[in-house]
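Each chain, written out:
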Amino acid sequence: MAGKRDVESDRAAELAGEASAEAAIQAAAMAPELELSLSVPPDLTAAAFFDVDNTMMMGASIFHFARGLAARKYFSSSDLAGFVWQQLKFRVGGREDPESVKASREQALSFVSGRSVAELVSLGEEIYDELMADRIWKGTQALAQMHLDAGQRVWLVTATPVELAQIIARRLGLTGALGTVSESEDGIYTGRLVGDLLHGKAKAQAVRSLAAKEGLDLRRCTAYSDSSNDVPMLSVVGTAVAVNPDSQLREISRRKGWEIRDFRTGRKAAKIGVPSILGAGAVAGAVAATMAYRRRVK
């Protein structure tokens, strides 16, 4: 029984990763071309992948988005409190607990069912300016810019809805984002995910899929994250960097010899130096499917 569940989980992760990579490529193709440094030729086989929550941004992007929706009376304060509690359980206990992952997935679906994609993207733009722009870690943003200046592409990779992740990537001048993909028909969310949440193994699969489609050499790529949940993603690239790491990731990083950057206190632990990061490259993508909470019917 456990073996069957593992196979189903791996298949869901594969579908989520492939869907996210495809959505990211399509969005990047429609976006304005990045202005790379004229003094550095494009590096077509190296890229950087950045997690979002607590890595690129202080706190959880989906929570900031939910706060913005609550302020617009999309749902009640008690709904918001319940959302926060579920996300905390997922963040802390969702590593290997299928029930936690399932609960987060079901809650994610409730965000989008019956909603207009265009409406939620527009709201995401507003809420980014109001609640997210000032929460970007300047140190992490500087790392992303370092890769861009070296001619590399930079992608966000996150369980956050892909549409929201793409907004964040665009505002930061990055290449694009990989995130959870929610199905839509005629511009309206159906309430079904394509694959599963972009979490854990699914992130690693998304990075692999993007690398295959974009001709990236993963040995020359770099990944950044704060969470031990992202060890699968960190393990598929040539260089892994722990940013503001949780205690488990800090211990894993020390054991594996991964670089550690901590911008919460201004210190940079286990510093190996900028050249080692650029030498491996990096891919940051990200992003995900469930863009808004259904307005509560009273």
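Placed above this text is the structure.
If you're wondering where the values come from, they're calculated on a predicted model, not measured in any experiment. (Residues numbered from 1 in each chain as written. Predicted model: local features only at pLDDT ≥ 70, side-chain atom pairs only at ≥ 80, totals over all residues. Heavy atoms only, no water.)

**Quick word on the overall build of the chain**
Counting its regular elements, the chain contains 11 helices and eight strands. Nonlocal contacts in the chain, meaning residues at least 24 apart in sequence, comprise 72% of its contacts between residues at least 6 apart. When the accessible surface of the chain is split by element, carbon and sulfur atoms take 53% of a total near 13,200 Å². (Helix = DSSP H or I, 4+ residues; strand = E, 2+ residues; numbered from the N terminus. Contact = heavy atoms within 4.5 Å. Areas by Shrake-Rupley, 256 points an atom, 1.4 Å probe, with all protein chains shown as cover.)

**So, the packing of aromatic side chains**
Applying the stated rule across the entire model yields one aromatic pair. Ring centres of Phe-50 and Tyr-224 lie 4.0 Å apart, and the angle between their planes is 5 degrees; on these two criteria the pair is classed as stacked. Of the two residues, Phe-50 is situated in strand β1 (residues 47–50) and Tyr-224 in strand β6 (residues 222–225); the sequence distance between them amounts to 174 residues. On the accessibility criterion, Phe-50 (0% relative accessible area) is buried. (Phe/Tyr/Trp six-rings, centres within 6.5 Å; stacked < 30°, edge-to-face > 60°. Buried < 20%, exposed > 50% of the residue type's maximum accessible area, 1.4 Å probe, protein only.)

**Digging into the pattern of salt bridges**
In this structure the tally under the stated criterion is 17 salt bridges. Its salt-bridge partner being Asp-129, residue Arg-171 comes within 2.4 Å of it at the nearest N-O pair. Of this pair, Arg-171 sits in helix α7 (residues 162–171) while Asp-129 sits in helix α5 (residues 117–132), and the two are 42 residues apart along the sequence. A relative accessible area of 46% places Asp-129 in the partly exposed class. Residue Glu-183 pairs with Arg-192 through a salt bridge whose shortest N-O separation is 2.5 Å. Residue classification places Glu-183 among the partly exposed positions, given a relative accessible area of 25%. A relative accessible area of 43% places Arg-192 in the partly exposed class. A single salt-bridge network, built from bridges that share partners, covers Glu-125, Asp-129, Arg-170 and Arg-171. (Salt bridge = Lys/Arg side-chain N within 4 Å of Asp/Glu carboxyl O.)

**Focus: the environment of His-64**
Summarising the element assignment, His-64 is placed in helix α2 (residues 61–71). Once you skip the residues sitting within four places of it in the chain, His-64 turns out to touch Met-57, Met-58, Gly-59, Ile-127, Leu-131, Met-132 and Arg-135.

**Details of α7**
Since the α-helix turns once every 3.6 residues, residues separated by three or four places project in the same direction. The element α7 is extensively covered by neighbouring structure, given that eight of its 10 residues are classed as buried. Taken together, the buried positions of α7 are Val-162, Glu-163, Leu-164, Ala-165, Gln-166, Ile-167, Ile-168 and Ala-169. At the C-terminal side of α7, Gly-173 shows a positive phi close to 75 degrees.

**Some thoughts on the sheet that holds strand β2 (residues 153–161)**
The parallel open sheet is built from six strands, whose spatial order is β3-β2-β1-β6-β7-β8. Edge positions in the open sheet fall to β3 (176–180) and β8 (259–261), since each of these has one partner strand only. When strand polarity is set aside, the average angle formed by the axes of neighbouring strands in this sheet is 20 degrees. Alignment of β2 against β3, held across four bridges, turns out to be parallel. For Leu-156, the partnering residue across the bridge sits in β3 and is Ala-177. (Pairing = 2+ DSSP bridges. Axes fitted to C-alpha atoms, helices over the stretch in contact; angles between N-to-C directions.)

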